[in-house]
Amino acid sequence: MQISELNNSDNTYVVVQPDEDDPVWFASVAVLDEGGYEVVRRDTARDEHEVTTATSTNDIARDLTSWIAARDFPGRPTRQVSEF
């Protein structure tokens, strides 16, 4: 689903979270009645909880992509940093 497909009648929000029983993080985007979107980011492992509003679907998608990429995923190998 694309953020631009959200509307006030039947697709009012979307939630992204890992596919597990008790996810430690999630992000949601909801359509606001007065226009724009409410964006919620929550990560209990990092004690993060942020609620913002935005109007640009491109900005929301870019910001959430970066935020989600920094989250922990079950089964994903840990990141290794090498020094040259």
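Please refer to the structure higher up on the page.
What comes next is a walk through the structure. (Residues numbered from 1 in each chain as written. Predicted model: local features only at pLDDT ≥ 70, side-chain atom pairs only at ≥ 80, totals over all residues. Heavy atoms only, no water.)

### Details of the nonpolar core
Using the following cut-off: Here, nonpolar core means buried Ala, Val, Leu, Ile, Met, Phe, Trp, Tyr and Cys residues that are tied together by side-chain atoms lying within 4.5 Å of each other. Burial status follows relative accessibility: with a 1.4 Å probe on protein chains alone, a residue under 20% of its type maximum counts as buried, one over 50% as exposed, and anything between as partly exposed. Helix and strand assignments follow DSSP, with helices taken as H or I runs no shorter than four residues and strands as E runs no shorter than two, numbered in order from the N terminus.
If you look at the biggest cluster of nonpolar residues, it comprises 12 residues: I3, L6, W25, A27, V29, V31, Y37, V39, I60, L64, W67 and I68. For this core, the elements supplying multiple residues, two or more each, are β2 (25–31), β3 (37–43) and α1 (57–69).

### Here we look at the sheet that holds β3
What counts, and what does not: Two strands pair if DSSP finds at least two bridges between them. Lines fitted to C-alpha atoms define the axes here, with helix axes fitted over just the stretch in contact, and angles between the N-to-C directions of these axes take values from 0 to 180 degrees. When checking whether two residues touch, look at their non-hydrogen atoms; a contact exists if any pair is within 4.5 Å.
Ordered by their spatial adjacency, four strands build an open sheet running β1-β2-β3-β4, and the pairing between neighbours is antiparallel. Either end of the sheet is taken by a strand with one partner, and the two such strands are β1 (13–16) and β4 (48–54). Mean inter-strand twist for the sheet, computed between neighbouring axes without regard to direction, equals 10°. When β3 meets β4, the two strands line up antiparallel, connected through seven bridges. Each residue of the ladder has a partner; that of E38, found in β4, is T53. Contacting β1, β2, β3 and β4, α1 runs over the sheet at an angle of about 5° to β3.

### Observations concerning the packing of aromatic side chains
For the record, the criterion: Side-chain rings of Phe, Tyr and Trp, where Trp is taken by its six-membered ring, are said to pair if the distance between their centres is within 6.5 Å; with planes under 30 degrees apart they count as stacked, over 60 as edge-to-face, and otherwise as tilted. Put simply, a charge is over a ring when the Lys NZ or the Arg CZ is close to the ring centre, within 6 Å, and near the line of the ring normal, within 35 degrees.
One pass over the full model with this rule turns up one aromatic pair. Aromatic pair W25 and W67: ring centres 5.9 Å apart, planes at 80°, arrangement edge-to-face. Of this pair, W25 sits in strand β2 while W67 sits in helix α1, placing them 42 residues apart in sequence. With relative accessibility at 11%, the residue W67 sits in the buried group. Lying over the aromatic face of W67, R71 brings its terminal NZ or CZ to 4.1 Å of the ring centre.

### Digging into the pattern of salt bridges
Selection criterion: What makes a salt bridge here is a side-chain nitrogen of Lys or Arg within 4 Å of a carboxyl oxygen of Asp or Glu, nothing more.
Summed over all chains, the structure comprises six salt bridges. D43 is paired through a salt bridge with R71; the nearest N and O atoms lie 2.8 Å apart. Of the two residues, D43 sits in strand β3 while R71 sits in the segment after α1, which places them 28 residues apart along the sequence. Residue D43 shares its accessibility class with R71, and that shared class is buried. Salt-bridge contacts for D63 lead to R62; the nearest nitrogen and oxygen are separated by 4.0 Å. Salt bridges sharing partners connect three or more residues here, namely D43, R46, E48 and R71.

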